[in-house]
Amino acid sequence: MLNIKDLQVSIEDKQILKGINLDIKPGEVHAIMGPNGSGKSTLANVLAGREEYEVTGGSVTFEGEDLLELEVDERARAGIFLAFQYPVEIPGVSTSNFLKSTVNAVRLERGQEELNAAQMLKYIREKLDMVGMDPKFLKRSLNEGFSGGEKKRNEMLQMALLEPKLAVLDETDSGLDIDALRIVADAVNKLRSENRSFVIVTHYQRLLNYIVPDYVHVLYNGRIVKSGDKSLSLQLEEKGYDWIKEEVAAIEG
Amino acid sequence: MTTITQDRFAEAKAQFQQLFEKDVQQLNGQAEQPLHQLRLQAIQRLPDLNFPTRRDEDFKYTNFNRALNLSYQQGANVMIDSANIDAYRLNDIAPIQLVFINGEWNAALSKMDKLPEGLTITSIAEALQNDAYKAWIEAQYNKETEGNAAFTALNLAFAKDGVFVHVNKGVVIESSIQLLHLAIVDDQAMVISPQLFVQAETSAQVSFIETHDAAKGHQGAYLSNGIARFALDANAHVSHYRIQNDSQEAFKLTNIDIVQERDSVFRGYTIDLGGRIVRNNLGAEQTGVGADTNMFGVYLGKGDQHIDNQSFMDHASAHCTSNELYKGILTDKARGVFNGKVMVRKDAQKINAFQQNSSLVLSKTAIMDTKPQLEIYADDVRCSHGATIGQLDEDSVFYLRSRGLNDAAARALLQHAFILEVLENIDSEDLQDHIEGLIKAKFAE
């Protein structure tokens, strides 16, 4: 589904990613961990289509198509969803109108008919229930004055509504209390299916107590230096990242 | 020795004088009527008045005199199929409709039978025949207007179909009154002179919606030079909406003066979508304690449009409030101007004045000039003002696009959200929807 080959990325002439290789098949959940400054968020942002990053080498294909050639909105309509670390507050844009516009924009792209007002309401209510969000938020401006947990819940609501093929969670768990963390984990677990893949970028192992990944990758200094299964994340939790850094130093030594 | 200064506007003035004489020849016996005498006095003042130039502080950013370079005819009715008017009627919001084609009142197209009791709507010519109204109307004709005296004189000289509205004490007019102005101008430029004079007695309530459009397919140049005068008695409530969607070739000047007695409430809304050079002068004087004035404005400039809003809030009495909120979006080579003066006179204690102007400037060649001016002579008052000029927040654009909205849709949504803060102050939901629709259409152009 997603194929990353030797991806090299710079920002303001500083190389951040130095050759990432990653192959994600339908239905898989991949966790990307690593210390601060290792390039985790850069990877998430490049997949989402942020323009301030310069891809200097390598390739990313999504369902066989060159992902890097697609604009951010084209990626969204093609089925990629990015859950933001810091969702933006947008005064004056009602949450409800925004959700309707996005759902129909994505549906049209997939050759589905637009939902009418009644169908839309039903669909949104269903997903609100799923993520446990109070319908009163629909009337408010998008994320404006939402607490951290409410914003993340809103991200999960959008993920549920847009039914992506690939969801990238960029440190969605950072700064969340345990209740909010469960909201995120629940939403991901409910949406897990054989056709939908997840890339979960996280700094902390805690989220992986709730979302069991198929693969864990450790990103360090712009490269994936270690891959494994769930047990790798437990190892990291116990021992921190220093042993990884030492291993890398020994090899590069 | 006498110095003779060349009047740089001599030619323009001569043109208007000739045009006036030509118009008089077609009057057929109305020349003796009081209105004609007032018009005559106005044109006779013209030679001594100066058109504003950019050397005048209030016209520093706006060269409205470009309107004087055209060769004009007096605006007049042209034949139009009634069906072609329907698109401009606000039937659900304003059942009373006064229709003006090129400034001339068209009775057949207007809808004003069965006016509610206590509401008088008539021409100014007719109102002048009534002793109850005459003195006030004459006072309007003789009122000094600073800075805009020449254009005001032109309006008073050329307007033949001014509207006079009087609302009796305690009478509440529930539905709005639409003044539907339609310009049907092609190659021959025209002078159009809208006029609205309103008297609201104690505790009366009334709402006006002026719509200014150019008929589809008729995008000729014209000078629309309008005035409106409002006199609010104690506790009167008057709303005045002006939705301006004139031709891209139109020169649009509007002078609005409001005088408010105690506890009266005025709500003015200026929505500027069309026009080539647009200049609005909105002035409110609070002569009675406890008066409340609201001025809301939206301006959307594209292409070469130039939209200039001047407001003058004169707090002349104690315990009054004023609230001004103007927001606009400029792109291409459009230019916007906001100049908000707030005067608090010596005895106007305990007043509360708020003013805010915010603009989005979306292209490198668009320009916004904003200038709040506060003059405060009382010592126990609250005045706040703010002005911002900025661009769309790119993080917000990215966020919306990351959910599948294309770039144009994301930007349109954010622009709409920006303007919404003003539109939320519109009392009628139907009218707000209507205006939102016009704004969306303008964004989509």
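Residues numbered from 1 in each chain as written. Chains lettered and ligands numbered in written order. Predicted model: local features only at pLDDT ≥ 70, side-chain atom pairs only at ≥ 80, totals over all residues. Heavy atoms only, no water.

1. Considerations on the overall build of chain A
On a plain count of helices and strands, chain A comes out with eight helices and twelve strands. The C-alpha radius of gyration of chain A comes to 18 Å, within 12% of the 18 Å expected for a compact globule of 253 residues. Based on the C-alpha atoms only, the size of chain A along its principal axes is roughly 65 × 40 × 35 Å. Taken over 253 residues, chain A has a buried fraction of 53%. Partitioning the intrachain contacts of chain A with sequence separation of at least 6 by distance along the chain shows that 69% fall at a separation of at least 24. If you sum the accessible surface of chain A, you get close to 11400 Å²; carbon and sulfur atoms cover 44% of it. One way to put it: in chain A the 31 positive side-chain charges average out to a point 5 Å from where the 41 negative ones average out. (Helix = DSSP H or I, 4+ residues; strand = E, 2+ residues; numbered from the N terminus. Rg over C-alpha atoms; globule rule 2.2 N^0.38 Å. Buried < 20%, exposed > 50% of the residue type's maximum accessible area, 1.4 Å probe, protein only. Contact = heavy atoms within 4.5 Å. Areas by Shrake-Rupley, 256 points an atom, 1.4 Å probe, with all protein chains shown as cover. Lys, Arg positive; Asp, Glu negative; His and termini not counted. Charge placed at Lys NZ, Arg CZ, Asp CG, Glu CD.)

2. Quick look at the sheet that holds strand β9 (residues 166–170) of chain A
Whenever strands of a sheet pair, they do so through backbone hydrogen bonds, lying parallel or antiparallel. Residue and element names in this part refer to chain A. Judged by pairing direction, the sheet is mixed, and its six strands sit side by side in the order β6-β9-β10-β3-β11-β12 without closing on themselves. The outermost strands of the open sheet, each flanked by one partner alone, are β6 (80–83) and β12 (223–228). With direction set aside, neighbouring strand axes in the sheet form an average angle of 20°. Note that strand β3 (residues 29–33) and strand β10 (residues 197–201) share four bridges and pair parallel. (Pairing = 2+ DSSP bridges. Axes fitted to C-alpha atoms, helices over the stretch in contact; angles between N-to-C directions.)

3. What about the domain arrangement of chain B?
Residues and elements named next belong to chain B. Here chain B is partitioned into domain 1 (10–288) and domain 2 (394–445). Computed over C-alpha atoms only, the centres of domain 1 and domain 2 are separated by 31 Å. Contacts between domain 1 and domain 2 engage twelve residues on the former and twelve residues on the latter. Here domain 1 meets domain 2 over a buried area of about 1000 Å², counting both sides, of which 69% is carbon and sulfur. Among the residues of domain 1 in contact with domain 2, Ile93, Tyr241 and Leu273 are the three that bury the most area, contributing 42% of the side total. (Domains from an automatic or database assignment. Buried area = accessible area lost by both parts, 1.4 Å probe.)

4. Some remarks on the packing of helix α1 (residues 10–25) of chain B against helix α2 (residues 34–45) of chain B
Residue and element names in this part refer to chain B. The geometry of α1 relative to α2 is characterised by a closest axis approach of 11 Å and an angle of 160° between their N-to-C directions. Taken together, the axes of α1 and α2 lie roughly antiparallel to each other. Note that α1 runs across α2; the crossing there is left-handed. Residue-level contacts link Phe16, Gln17, Phe20, Asp23 and Val24 of α1 to His36, Arg39, Leu40 and Ile43 of α2. Looking at the contact of α1 with α2 residue by residue, the classes come out as five nonpolar, two polar and two charged. (Parallel < 35°, antiparallel > 145°, perpendicular 65-115°, else oblique. Left-handed = near helix turned anticlockwise from the far one by under 90°. Nonpolar A, V, L, I, M, F, W, Y, C, P; charged D, E, K, R; others polar.)

5. Quick word on empty space enclosed by the protein
The gaps left among the atoms become clear once a water-sized probe is rolled over them. Residues and elements named next belong to chain B. This model, assessed by the stated rule, comprises five cavities of 30 Å³ or more. Computed from the structure, the largest cavity encloses a volume of approximately 130 Å³. Among the secondary structure elements, those contributing two or more residues to the lining of the largest cavity are β6 (177–183), β8 (195–200), β9 (205–214), β10 (222–232) and β12 (250–260). Looking at side-chain class alone, the lining of the largest cavity contains nine nonpolar, seven polar and four charged residues. For the second largest cavity, the full set of lining residues is Gln74, Gly75, Asn102, Gly103, Glu104, Phe158, Ala159, Lys160, Asp161, Val191, Ile192 and Ser193. Broken down by class, the residue content of the lining of the second largest cavity amounts to four nonpolar, five polar and three charged. (1 Å grid on protein atoms, 1.4 Å probe; cavity = no way out; pocket = protein on both sides within 12 Å on 5 of 7 lines; lining within 4 Å. Points joined across faces, edges and corners; volume = space filled by probe spheres on them.)

6. A short note on the pattern of salt bridges
All names here are of chain B. One pass over the full model with this rule turns up 31 salt bridges over all chains. Ionic pairing is found between aspartate 257 and arginine 229, a salt bridge with its closest N-O pair at 3.3 Å. With aspartate 257 in strand β12 and arginine 229 in strand β10, this pair connects stretches of sequence that are 28 residues apart. Lysine 350 is the salt-bridge partner of aspartate 380, the closest N and O atoms lying 2.8 Å from each other. Of this pair, aspartate 380 sits in the loop between β20 (367–376) and β21 (382–390) while lysine 350 sits in the loop between β18 (335–344) and β19 (352–361); the two residues are 30 residues apart in sequence, bridging distant segments of the chain. Assessed through its relative accessible area of 34%, aspartate 380 is described here as partly exposed. (Salt bridge = Lys/Arg side-chain N within 4 Å of Asp/Glu carboxyl O.)

7. Concerning α1 of chain B
Residue and element names in this part refer to chain B. An ideal rise of 1.5 Å per residue puts 22 Å on 16 residues; α1 measures up with 23 Å between its terminal C-alpha atoms. Within α1, the full set of buried residues consists of Ala12, Lys13, Gln15, Phe16, Leu19, Phe20 and Asp23. Viewed end-on, α1 has its buried residues packed into an arc of 155°, placing them on one side of the element. Seen from the open side of α1, the exposed residues pointing more than 90 degrees away from its buried face are Glu11, Gln18 and Gln25. For α1, the secondary structure elements touched by its buried residues are α2, β1 (72–74), α6 (149–158), β7 (189–192) and β10. (Expected span 1.5 Å × (residues − 1). Arc of directions from axis to C-beta.)

8. Examining the pairing of β8 of chain B
All names here are of chain B. Among the six residues of β8, six are classified as buried, and the element is accordingly described as predominantly covered. Of the two faces of β8, both are covered, the one formed by Gln195, Phe197 and Gln199 as well as the one formed by Leu196, Val198 and Ala200. Of the strand pairs in this sheet, strand β5 (residues 163–167) and β8 are connected by five bridges, and their pairing is parallel. If you follow valine 165 over to β8, its bridge partner there is valine 198.

9. A closer look at the packing of aromatic side chains
All names here are of chain B. One pass over the structure, following the stated rule, counts 21 aromatic pairs over all chains. Clustering of aromatic rings is evident, with ring pairs tying together Phe9, Phe51, Phe64, Phe151 and Phe251. Geometry around phenylalanine 59 places arginine 279 over its ring, the cationic atom sitting 3.7 Å from the centre. Taking NZ or CZ as reference, lysine 327 lies 4.1 Å from the ring centre of phenylalanine 418, over its face. (Phe/Tyr/Trp six-rings, centres within 6.5 Å; stacked < 30°, edge-to-face > 60°. Lys NZ or Arg CZ within 6 Å of the ring centre and 35° of its normal.)

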